[in-house]
Amino acid sequence: MTIAQHRPLVVEARARTEYYARINAGIFAVAAMVPVGRVTTFGAIAGLLKVPRHHVAFLLACSTDPQRCEIPWYRVVGACGAVPWSEGDRHLIEQRDLLRREGIRIDGAGRILGFAQLFFQPTLRHVDS
């Protein structure tokens, strides 16, 4: 097989990488726009960007420490205001602490109190700006 015959595979791989890079940038852009004291959901971001919810959750959960410092990842929660981690998980403890520092109250079941009033609905302008 010649180099020319391999070219379509290289172009396809590059396109996938660029596609995922755009999605990741969009997720980080929307998460960064959630105001202090407010929250959004994995589903809200996923719906806006037309990607699966689990992709949003995975990316935010696996973001590196420097990325975590730059974006308020902890303001993105599960449906109906559920903090998505298992009891005892270090991310759960960290997320609850960070949310509480912003005045957000969480009940014993891990749900945000007053979720409907605190919910931030992202829009495309959050991605484009």
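Remember, it's a predicted structure, so these values are computed and weren't measured experimentally. (Residues numbered from 1 in each chain as written. Predicted model: local features only at pLDDT ≥ 70, side-chain atom pairs only at ≥ 80, totals over all residues. Heavy atoms only, no water.)

Peer 1: Help me understand the overall build of the protein chain in this model?
Peer 2: Of the regular secondary structure elements, the protein chain holds 7 helices and 2 strands. Taken from N to C terminus, the helices and strands of the protein chain fall in the order α-β-α-α-α-β-α-α-α. The proportion of buried residues among the 129 residues of the protein chain is 38%. (Helix = DSSP H or I, 4+ residues; strand = E, 2+ residues; numbered from the N terminus. Buried < 20%, exposed > 50% of the residue type's maximum accessible area, 1.4 Å probe, protein only.)

Peer 1: Before we go on, may I ask you to explain the packing of aromatic side chains in this structure?
Peer 2: The geometry of an aromatic ring pair is captured by two quantities: the separation of the ring centres and the angle between the planes. Here the structure, examined in full by the defined rule, presents 2 aromatic pairs. For the pair W73 and Y74, a centre-to-centre distance of 6.0 Å together with 90 degrees between the ring planes defines the contact as edge-to-face. The class for W73 is buried, based on a relative accessible area of 4%. Accessibility expressed as a relative area gives 11% for Y74, which makes it buried. Ring centres of F115 and F119 lie 5.6 Å apart, and the angle between their planes is 55 degrees; this geometry places the pair in the tilted category. Judged by relative accessible area, which is 17%, F115 ranks as buried. (Phe/Tyr/Trp six-rings, centres within 6.5 Å; stacked < 30°, edge-to-face > 60°.)

Peer 1: Would you explain the side chain of Q95 in this entry?
Peer 2: For Q95, the location among the structural elements is in helix α5 (residues 90-101). Owing to a relative accessible area of 1%, Q95 belongs among the buried residues under this scheme.

Peer 1: Looking at this structure, how should I read the nonpolar core?
Peer 2: General note: in soluble globular proteins, nonpolar side chains tend to be found buried as a group. I27, V39, V56, L60, L99 and I112 are the most contacted members of the largest nonpolar core, which has 28 residues in total. Of all elements in the fold, only α1 (3-32), α2 (42-49), α3 (53-62), β2 (76-77), α5 and α6 (115-118) reach the threshold of two or more residues within this core. For this core, the element with the highest residue contribution is α1, accounting for 5 residues. Discounting residues that sit within four places of it in the chain, I27 has contacts with I45, L49, H55, V56, L59 and L60. (Core = buried A, V, L, I, M, F, W, Y, C linked by side-chain atoms within 4.5 Å. Contact = heavy atoms within 4.5 Å.)

Peer 1: Is there a simple way to explain the confidence of the model for the protein chain in this structure?
Peer 2: Close reading of the predicted structure is inappropriate where its pLDDT is low. Scored by pLDDT, the protein chain comes out at a mean of 81, with 79% of its residues at no less than 70. Highest mean pLDDT in the protein chain belongs to α6 (97); lowest belongs to helix α4 (residues 65-70) (64). Contacts of residues 1-15 to residues separated by more than four positions or lying in other chains number 1 contact, the stretch itself having pLDDT below 50. (pLDDT = per-residue confidence, 0-100.)

Peer 1: Before we go on, may I ask you to explain α3 in this structure?
Peer 2: Residue pairs three or four apart in sequence face the same way in an α-helix, which turns once every 3.6 residues. Burial in α3 covers these residues: V56, L59 and L60. Buried residues of α3, viewed axially, fall in a sector of 95 degrees; they line one side. Residues of α3 that are exposed and point more than 90 degrees away from the buried face comprise H54 and F58. (Arc of directions from axis to C-beta.)

Peer 1: Help me out: how do you make sense of unusual backbone geometry in this one?
Peer 2: Note: most peptide bonds trans; most residues except glycine with negative phi. Even without being a glycine, K50 presents a positive backbone phi close to 60 degrees. Mapped onto the elements, K50 comes out in the loop between α2 and α3. Within the chain, C80 stands out as a residue other than glycine whose phi angle is a positive 60 degrees. Summarising the element assignment, C80 is placed in the loop between β2 and α5. Its relative accessible area of 57% is what places C80 among the exposed residues.

Peer 1: I keep staring at the pattern of salt bridges and nothing clicks. Help me out?
Peer 2: Any two side chains of opposite charge can pair, given that their charged atoms come close. By the definition in use, this model includes 1 salt bridge. A salt bridge links R75 to E102; its shortest N-O distance comes to 2.6 Å. Of this pair, R75 sits in the loop between α4 and β2 while E102 sits in the loop between α5 and α6, and the two are 27 residues apart along the sequence. Accessibility assignment for this pair places R75 and E102 in one class, buried. (Salt bridge = Lys/Arg side-chain N within 4 Å of Asp/Glu carboxyl O.)

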